[in-house]
Amino acid sequence: MPSTRPFRFAVQTTTATSADQWRDLARRVEGLGYSTLFLADHYIGPGPVSARTLLRPQHLAPIAAMAAAAAWTSTLRVGCRVFCIDYHLPAVLAKEAATLDLLSDGRLEFGIGAGTNQGEYEAMGLPFHAAPQRVSKLEEVVTLVKAHWSGEPIDVAGDHVKVSGYAGLPLPVQRPRPRILIGGSKKRVLSLAAREADIVSMANVGWKPVNDAGLTPLEEAQRRLDTIREAAGTSFPALELESSPYLVSVTDDVDRSLDRWSTSLRKAIPEATPEVLRDHPNVLVGSPEEIIDRLQERRDITGVSYITIPRKQIDDFAPVVTRLSGR
């Protein structure tokens, strides 16, 4: 059935080279009506690892930057899309998150994930375990975070997380707890997110016209929605579905943008033609009116109502935010 959940919009970035830049950006994002400012949990700077993994050099570490952004604003929500379970001691991360929610007066959105970038792991001297082990740890970290935020005595004795003997402080302002975001593409992680999170983030569906399962990008997004709906059961209507378009352009020259993106992508994916990109769930291109129509159409098909866009697009995209979020 068509979704009627209200739209929300977020901005994700890690780029600022001074306190003034970060303060001004946070206030501009808030002033333009965006709901949330997201950072990313990455740490490498320029060098061969960045070039090899295609991971852009990261300027800001998330926790300190989230705290500063919250202090400089009054309504803007702050989050990390997403904290990596292996980059933080889980018990410490749970307390840091509760502290962020307390000091922001309840504006934290807590994203958490199993980690994906093997090159960054290796650059930082961390073992990169097989996906099933990382997802099992993610399940245990989510259990710990919820236990910590409850204020009740903690007793988590898993294979990867062993924490007990105390109750978590401080209590978050948001009750019963801050909203949790978990994202992914595979059935196990999407099902975990549907059961345990408040926001399910749907990862990029890929750029091939037809994937290995014989599905177009839009059909793949629908398959993921079906997985989420089945795992969530009766709680599905309360879930919020989030996604981040990888290619965004507010323009009257749609064909030019599609041709430019296709030329870049086809170096690795020859099938990524402008025709494939035009209807792709991770592409938003057109005038504000065309993008609004496309977002409403996709909300009906994929359930996604929470959209995170890149920093460079925040001013051009603002009319869409104003129209669809009512802010």
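Please refer to the structure placed before this passage.
Residues numbered from 1 in each chain as written. Predicted model: local features only at pLDDT ≥ 70, side-chain atom pairs only at ≥ 80, totals over all residues. Heavy atoms only, no water.

A. Local environment of the pairing of strand β6 (residues 162-167). Direction of pairing for strand β5 (residues 153-157) relative to β6: antiparallel, over a ladder of four bridges. Considered in β6, the bridge of Ala157 is made with Lys162. Linking two consecutive strands that pair antiparallel, namely β5 and β6, is a turn of four residues. (Pairing = 2+ DSSP bridges. Helix = DSSP H or I, 4+ residues; strand = E, 2+ residues; numbered from the N terminus.)

B. Representation of the sheet that holds strand β7 (residues 179-184) in the model. Within the closed barrel, the eight strands sit side by side as β1-β2-β3-β4-β7-β8-β9-β12. Their pairing is parallel. Between one strand axis and the next, the sheet turns by 25° as a mean value, whatever way the strands run. Two strands pair when backbone bridges link them, and strand β4 (residues 108-113) and β7 are joined in this way by three bridges, in the parallel orientation. In the strand pairing of β7, Phe110 is matched with Ile180. Sitting on the sheet, helix α4 (residues 90-103) is in contact with β3 (77-84) and β4, with an inclination near 160° to β4. Packed on one face of the sheet, helix α8 (residues 217-232) meets β7, β8 (199-202) and β9 (240-243) and runs near 155° to β8. (Axes fitted to C-alpha atoms, helices over the stretch in contact; angles between N-to-C directions. Contact = heavy atoms within 4.5 Å.)

C. Region of interest: helix α9 (residues 254-265). Its twelve residues place the ends of α9 17 Å apart at the C-alpha level, agreeing with the 16 Å of an ideal helix rising 1.5 Å per residue. Those residues of α9 not exposed but buried are Val254, Ser257, Leu258, Trp261, Ser262 and Leu265. An end-on view of α9 places all buried positions within 130° of arc, on one side of the element. With respect to the buried face of α9, the exposed residues turned more than 90 degrees away are Arg256 and Thr263. At its buried positions, α9 is contacted by β10 (247-250), α10 (274-278), β11 (283-286) and α11 (288-302). (Expected span 1.5 Å × (residues − 1). Buried < 20%, exposed > 50% of the residue type's maximum accessible area, 1.4 Å probe, protein only. Arc of directions from axis to C-beta.)

D. Seen up close, the packing of aromatic side chains. Per the stated rule, a full pass over the model turns up eight aromatic pairs. Residues Tyr121 and Phe128 carry aromatic rings whose centres are separated by 4.8 Å and whose planes lie at 80° to one another, so their mutual orientation is edge-to-face. With relative accessibility at 0%, the residue Tyr121 sits in the buried group. You can call Phe128 partly exposed: its relative accessible area is 24%. One aromatic cluster is present, formed by Tyr43, Tyr87, Tyr121 and Phe128 through successive ring pairs. Above the plane of the ring of Phe236 lies Arg229, whose end atom (NZ or CZ) is 5.0 Å from the centre. (Phe/Tyr/Trp six-rings, centres within 6.5 Å; stacked < 30°, edge-to-face > 60°. Lys NZ or Arg CZ within 6 Å of the ring centre and 35° of its normal.)

E. Summary view of a negative patch on the surface. Taken together, the side chains of Asp252, Asp253, Asp259, Glu275, Glu289, Glu290 and Asp293 define an acidic patch exposed on the protein surface. Per element, the largest residue contribution to the negative patch is three residues, and it comes from α11. With respect to the helices and strands, Asp252 occurs in the loop between β10 and α9. (Patch = residues over 30% accessible without salt bridge, like charges linked within 9 Å, V, L, I, M, F, W, Y side chains within 5 Å. Areas by Shrake-Rupley, 256 points an atom, 1.4 Å probe, with all protein chains shown as cover. Salt bridge = Lys/Arg side-chain N within 4 Å of Asp/Glu carboxyl O. Lys, Arg positive; Asp, Glu negative; His and termini not counted. Charge placed at Lys NZ, Arg CZ, Asp CG, Glu CD.)

F. A look at helix α7 (residues 187-196). Listed in full, the buried residues belonging to α7 are Val189, Leu190, Ser191, Leu192, Ala193 and Ala194. Residues of α7 that are buried in the fold lie against α6 (131-150), β7, β8 and α8.

G. Focus on the environment of Gly119. Its place among the elements puts Gly119 in helix α5 (residues 118-123). You can call Gly119 buried: its relative accessible area is 11%. For the pair Gly119 and Leu55, spaced 64 residues apart in sequence, the C-alpha to C-alpha distance is 9.1 Å. Excluding anything up to four places from it in sequence, Gly119 contacts Val49 and Thr53.

H. Summary view of the pattern of salt bridges. As enumerated under the stated definition, the model contains 18 salt bridges in all. Between Glu240 and Arg8 there is a salt bridge, with the nearest N and O atoms lying 2.8 Å from each other. Placement of Glu240 in strand β9 and of Arg8 in strand β1 (residues 8-12) is noted, with a sequence separation of 232 residues between them. Residue Glu240 shares its accessibility class with Arg8, and that shared class is buried. In this structure, Arg229 and Asp226 form a salt bridge, with 3.2 Å as the shortest nitrogen-oxygen distance. Here Asp226 and Arg229 lie together in helix α8, a separation of three residues that amounts to about one turn.

I. Representation of the side chain of Thr227. For Thr227, the position within the fold is in helix α8. Assessed through its relative accessible area of 12%, Thr227 is described here as buried. With near-sequence residues (within four places) excluded, Thr227 lies in contact with Lys187, Leu190 and Ser191.

J. Region of the structure containing the environment of Val82. Mapped onto the secondary structure, Val82 falls in strand β3. For Val82, a relative accessible area of 26% corresponds to the partly exposed category. Residues Val82 and Arg278, spaced 196 residues apart in sequence, show a C-alpha to C-alpha distance of 28 Å. Here Val82 is in contact with Asp41, Gly111, Ile112, Gly113 and Leu181, once residues within four sequence places are set aside.

Remember that the coordinates give geometry; whether it matters functionally is a separate question.
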